[in-house]
Amino acid sequence: MTTSPAGPPADLGAPGPEAPAAAPADDHGTPEVAGLAARLREHRLGSRLTLEVAAARVGLSPAYLSRLETGRRQPSLPVLLGLARAYGTSVSGLLGEAFTEPDPVVRGGAIEPGRAGGWGYRRAGAPGRAMQALRVHVPPGVQDTVVRVHPGEEWLYVLRGRLRLTLGERVHLLDEGDSAHFDSLTPHCIAADSSSGVELLFMHTLLQSPGGELCLGGGPAAPHH
């Protein structure tokens, strides 16, 4: 693992130019991702939040949140975490994991890429627990670079590829087999640093704060476009 000082944060809230529209997803998407857009809208409406209010709570633009709710974009992991907190639910809830008596065994399987070349997710732990575990595929290219700060802890382990993890003012490059465990109050963001993306095992604690998730970058985070 190597580290280097992080450069000055430039336009932290903007995910960069959108990639060309991907071909429509087929019927072989994983159950964890299928129907995500509809559930995002259902949870927002169930929380009695307008598109504008919900977007502001997570540091997004209403137009970007609308694209998430119509399946034209796939949320990054930080955005998915922020939406779960804003709606008073868990990531498993947004991914469509119905709560049942927790099974201690979670079977493996492939992670299919999300719509529009987005992030891919697969549950790696039981729903309804204080600690949530996911297998995540972070696609290559320009990613969501919003710096997040929120109560709790996060732990991740690189399964394949290389990860770029920014913690505070340092950038850490993690290779396969490397891991990181940090306090979520440390400003942080993650991105792939390899051409094929990066697959990682990710855990976080479900601690919530009245103010929700904070975005840093010299004032309010710039909205996604």
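In the block above lies the structure referred to throughout.
A brief structural summary. (Residues numbered from 1 in each chain as written. Predicted model: local features only at pLDDT ≥ 70, side-chain atom pairs only at ≥ 80, totals over all residues. Heavy atoms only, no water.)

Things to note about the overall build of the protein chain
So, point 1. Summing up its helical and strand segments, the protein chain has five helices and 11 strands in all.
So, point 2. In the protein chain, buried positions account for 46% of the 225 residues.
So, point 3. The long-range fraction of contacts in the protein chain, counting pairs at least 24 apart against all pairs at least 6 apart in sequence, stands at 73%. (Helix = DSSP H or I, 4+ residues; strand = E, 2+ residues; numbered from the N terminus. Buried < 20%, exposed > 50% of the residue type's maximum accessible area, 1.4 Å probe, protein only. Contact = heavy atoms within 4.5 Å.)

Re the sheet that holds strand β3 (residues 131–138)
Paired through backbone hydrogen bonds, the strands of a sheet run either parallel or antiparallel to each other.
So, point 1. The antiparallel open sheet is built from five strands, whose spatial order is β2-β3-β10-β5-β8. The sheet is open, and its two edges are formed by β2 (120–123) and β8 (179–183), each paired on a single side. Sheet twist, expressed as the mean angle between neighbouring strand axes with direction ignored, is 20 degrees.
So, point 2. Across six bridges, strand β5 (residues 153–160) lies against strand β10 (residues 198–205) in antiparallel orientation. Residue pairing across strands places Leu156 opposite Phe202, the latter belonging to β10.
So, point 3. Strand contacts of helix α4 (residues 77–86): β2, β3, β5 and β10, with the helix running at about 25 degrees to β10, the strand carrying the most contacts. (Pairing = 2+ DSSP bridges. Axes fitted to C-alpha atoms, helices over the stretch in contact; angles between N-to-C directions.)

Here we look at the packing of aromatic side chains
So, point 1. For the structure on display, the rule yields one aromatic pair.
So, point 2. With a centroid separation of 6.3 Å and an interplanar angle of 15 degrees, the aromatic rings of Trp155 and Tyr157 are classed as stacked.
So, point 3. For Trp155, a relative accessible area of 25% translates into the label partly exposed.
So, point 4. In this structure Tyr157 comes out as partly exposed when scored by relative accessible area, which is 30%. (Phe/Tyr/Trp six-rings, centres within 6.5 Å; stacked < 30°, edge-to-face > 60°.)

Topic: the pattern of salt bridges
So, point 1. This model, assessed by the stated rule, comprises five salt bridges.
So, point 2. Close ionic contact of Glu69 with Arg44 constitutes a salt bridge, the shortest N to O distance being 2.6 Å. With Glu69 in helix α3 (residues 62–69) and Arg44 in helix α1 (residues 36–46), the pair connects residues that are 25 residues apart, well separated along the chain. For the pair formed by Glu69 and Arg44, the shared burial category is buried.
So, point 3. In this structure, Glu199 engages Arg160 in a salt bridge whose closest nitrogen and oxygen atoms are separated by 2.5 Å. Here Glu199 is found in strand β10, whereas its partner Arg160 is found in strand β5, with 39 residues between them in sequence.
So, point 4. Exposure remark for Arg160: the relative accessible area of 49% places this residue in the partly exposed category.
So, point 5. Where salt bridges share partners, they join Arg135, Arg160 and Glu199 into one cluster. (Salt bridge = Lys/Arg side-chain N within 4 Å of Asp/Glu carboxyl O.)

Focus: the nonpolar core
Within soluble globular proteins, side chains that are nonpolar tend to cluster in buried spots.
So, point 1. Leu65, Leu77, Leu83, Val136, Leu156 and Leu163 are the most contacted members of the largest nonpolar core, which totals 40 residues.
So, point 2. By residue number, the principal contributor to this core is α4, which donates seven residues.
So, point 3. Those residues in contact with Leu65 that lie beyond four places of it in its chain are Arg44, Leu51, Ala54, Ala55, Leu60, Leu83 and Tyr87. (Core = buried A, V, L, I, M, F, W, Y, C linked by side-chain atoms within 4.5 Å.)

Topic: the pairing of β10
So, point 1. Pairing between β3 and β10: eight bridges, direction antiparallel. Counterpart to Met131 in the pairing with β10 is Thr205.

Comments concerning the pairing of β3
So, point 1. With six of eight residues buried, β3 is to be regarded as a mostly interior element.
So, point 2. Sheet analysis places β2 next to β3, joined by four bridges and oriented antiparallel. Among the inter-strand pairings, Gly120 is bridged to a residue of β3, identified as His137.

A short note on helix α2 (residues 51–58)
An α-helix turns once per 3.6 residues; consequently, residues spaced three or four apart project the same way.
So, point 1. If you check which residues of α2 are buried, you get Leu51, Ala54, Ala55 and Val58. Within α2, the buried residues cover an arc of 100 degrees as seen down the axis, which keeps them to one side.
So, point 2. Phi turns positive, to about 80 degrees, at Gly59, one or two residues after α2. (Arc of directions from axis to C-beta.)

By themselves, these are just geometric observations and shouldn't be taken as functional.
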